[in-house]
Amino acid sequence: MSHKELYRKSVMEMVVSGRMTLMEASKRMSLSYRQTLRVYQRFLAQGDAGLLHRRRGQASNRAYPASFREEVLGRYRERYQEHDLGPTLGAEKLAEEGWVMDHETLRRWLLEAGDWKRRRKRHKHRSRRERRAHWGELVQMDGSHHPWFGPDQDRACLMNMVDDATGTTMGLMAAEETTEAAMRLLRRWIETHGVPGALYTDKKNVYLTDRAPTLEEQLAGEEPLTAFGKACHKLGIEIIAAHSPQAKGRVERSNGVYQDRFVKELALGHITTLAAANALLAGGFTDALNAKFAVAPLAAQDFHRPVLQGLDLDDVFCFETSRVVQNDWTVRHENRYYQIQQDNTPLSKPKTKILVRTHLDGRTQLLYKGKPLVFCAMSPQPMQQRRHQAPAAPPIPKAAHQPPAPQKRWRPNVGRLAIMNETGP
């Protein structure tokens, strides 16, 4: 019996014993007097069974046909069970094929058929941080290392950015969580939405560095930055370090969604390469996640900023280092030599420092006082060319073994002794 039926039984027993009238019982059970009279008569005639609901044990009028249930379960076992799709995602995939039902209905059917087991979720205590109010005010960024292409394939890294206010996500697959991968994802976000106000990341050396500042940085009053930090500094993006994974829980939970849904999409599409995975992300998978899970911001104002006029993103997302010009106007960088041409204005002098900029597409650029220099790459390298062209020196023959010279007897300096005898000591 249900809780309501047990309560009615206690009320009816009080009516039978005379401790309560039917009028009082109708008020207790929130029924009309006539309905209370019917319940009382069934209780007298059938006992406890008269209080049970008349539809108990019968199929619902809104129930699906048995044939529909068998088709759904058969299709789930045929295509989705081996990929470990849960009831929620399974109901979405089945709806795309024409079998439309609620995910709770599919969950109940799978539990009854033994094709799904309940998974207990242990809740951890953590302090709740409210979302930022504005879209683009704070974006969380993280790399998720996971066997995305299956347990038999190599692990890869999903670079993920999630807006704190709305939960809007953007992903990029890469081999590792590198500076180049972070730059490419941030550039894609800027080209799509604009420049965010701040980034919330962990303390990985891709984003932050703990090295001591150089002498030049100390004189200029600058803090040491990574290559990614320099790019964010040019764009005016603040990098906020998280002290624990729970601090950036929004992107961590988004990584969990990707590890559940994206892995299964890759398996369903038989995708095992980074290029194909990125094509799937850009081809609608990320947009579908945002349409399903993103929420509206609390404030309507967009905190994304446009890129400053005259600022080229190619010059932002790159690797920069300084080099000294040699006496022959050559510069060495990454074991390559570059010859600076004479027709540059201004022309850098020997022993002066210039900036070497390496772009993400592999292009190299030399700059002096903020202006690009005309140069040409030297191939082969001069030092290596000399090593290859210079003839090898002939080996020095070893001297034949000779006996040591006989020791000479000591002979005094006769002239010095004569002088000393004449003049005295």
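Above this text is the structure in question.
Residues numbered from 1 in each chain as written. Predicted model: local features only at pLDDT ≥ 70, side-chain atom pairs only at ≥ 80, totals over all residues. Heavy atoms only, no water.

**Q** Can you walk me through the side chain of R250 in this structure?
**A** Relative to the helices and strands, R250 resides in helix α10 (residues 249-268). Residue class for R250 comes out buried when judged on its relative accessible area of 14%. Leaving out residues up to four positions away in the same chain, R250 has contacts with R129, R131, Q140, V162, D163 and D164. (Helix = DSSP H or I, 4+ residues; strand = E, 2+ residues; numbered from the N terminus. Buried < 20%, exposed > 50% of the residue type's maximum accessible area, 1.4 Å probe, protein only. Contact = heavy atoms within 4.5 Å.)

**Q** Got a minute to help me understand the environment of C157 in this structure?
**A** In this fold, C157 is placed in strand β2 (residues 156-163). When sequence neighbours within four positions are dropped, the list of residues in contact with C157 reads G143, S144, H145, W148, L172, M173, A174, A175, E176 and E177.

**Q** Help me out: how do you make sense of unusual backbone geometry in this one?
**A** For residues that are not glycine, phi is negative in most cases, and the peptide bond is trans in most cases. In this chain, T345 is followed by P346 through a cis amide linkage whose omega measures 0°. In this fold, P346 is placed in the loop between β8 (336-340) and β9 (353-359). Phi at D84 is positive, roughly 60°, even though this residue is not glycine. Position of D84 relative to the elements: it lies in the loop between α4 (66-80) and α5 (87-96). For D84, a relative accessible area of 37% gives the class partly exposed. A positive phi angle is found at N335, which is not glycine, with a value near 65°. By the element assignment, N335 lies in the loop between β7 (330-333) and β8.

**Q** I tried to follow the side chain of E177 on my own but got confused; where do I start?
**A** In this structure, E177 sits in the loop between β3 (169-174) and α7 (179-192). We note that E177 is buried and unpaired, the nearest opposite charge coming from K204 at a distance of 4.4 Å. Among the polar contacts made by the side chain of E177, one reaches the main-chain amide nitrogen of G143 at a distance of 3.5 Å. At 2.8 Å, the side chain of E177 and the side chain of Y207 are in polar contact. Dropping the residues within four chain positions of it, E177 is found in contact with D142, G143, H145, C157, M159, D202, K204, V206 and Y207. (Lys, Arg positive; Asp, Glu negative; His and termini not counted. Salt bridge = Lys/Arg side-chain N within 4 Å of Asp/Glu carboxyl O. Polar contact = N/O pair within 3.5 Å; in protein donor to acceptor, adjacent residues only side chain to side chain.)

**Q** Explain the sheet that holds strand β12 (residues 375-378) here, please?
**A** Sheet strands pair by backbone hydrogen bonding; their relative direction is either parallel or antiparallel. Read from one edge of the open sheet, three strands run β7-β8-β12, paired in antiparallel fashion. The open sheet terminates on both sides in strands that have one partner only, identified here as β7 and β12. Between one strand axis and the next, the sheet turns through 30° on average, direction left out of account. Inspection of the sheet shows β8 paired to β12 by four bridges, in the antiparallel sense. The residue bridging Q339 from the neighbouring strand is C376, located in β12. (Pairing = 2+ DSSP bridges. Axes fitted to C-alpha atoms, helices over the stretch in contact; angles between N-to-C directions.)

**Q** What exactly am I supposed to notice about the pattern of salt bridges here?
**A** Proximity of charged atoms lets side chains of opposite charge pair with each other. Evaluation of the coordinates by the stated rule reveals 25 salt bridges. A salt bridge links R107 to E104, with the nearest nitrogen and oxygen atoms 3.4 Å apart. Taken together, the positions of R107 and E104, both in helix α6 (residues 103-113) and three residues apart, correspond to about one turn of that helix. Classification of R107 as partly exposed rests on a relative accessible area of 23%. When the shortest N-O distance is used, the salt bridge between R357 and E320 registers 3.0 Å. Placement of the pair is R357 in strand β9 and E320 in strand β6 (residues 318-324), with a sequence separation of 37 residues. Note on R357: relative accessible area 10%, which makes it buried. Residues participating in the shared-partner salt-bridge network are R187, E191, D314, D361 and R363.

**Q** Can you walk me through the nonpolar core in this structure?
**A** In terms of nonpolar packing, the biggest core is built from 30 residues, with M141, M159, L186, L199, F228 and F317 touching the most fellow members. Contributions of two or more residues to this core are made by β1 (139-146), β2, β3, α7, α9 (227-235) and α12 (313-316). Looking at this core, the element that brings in the most residues is α7, giving seven residues. Residues within four places of M159 in sequence aside, it is in contact with M141, D142, G143, M170, G171, L172, E177, A181, A182, L185 and Y207. (Core = buried A, V, L, I, M, F, W, Y, C linked by side-chain atoms within 4.5 Å.)

**Q** Teacher, can you tell me more about the environment of A377 here?
**A** In this structure, A377 sits in strand β12. Not counting chain neighbours up to four residues away, the residues in contact with A377 comprise R336, Y337 and Y338.

**Q** Could you clarify how one ought to interpret the environment of F319 in this entry?
**A** Among the structural elements, F319 can be located in strand β6. Distance in space between the C-alpha atoms of F319 and R357 is 5.7 Å, their sequence separation being 38 residues. Other than its neighbours up to four places away in sequence, F319 contacts T179, E180, A227, V356, R357, T358 and L360.

**Q** Just checking my understanding: could you explain the sheet that holds β6 for this structure?
**A** Strand order in the open sheet formed by four strands is β6-β9-β10-β11, and the pairing between neighbours is antiparallel. Looking at the sheet topology across the chains shown, the edges are occupied by β6 and β11 (371-372). The sheet contacts of α9 involve β6 and β9, and relative to β6 the element is tilted by about 105°.

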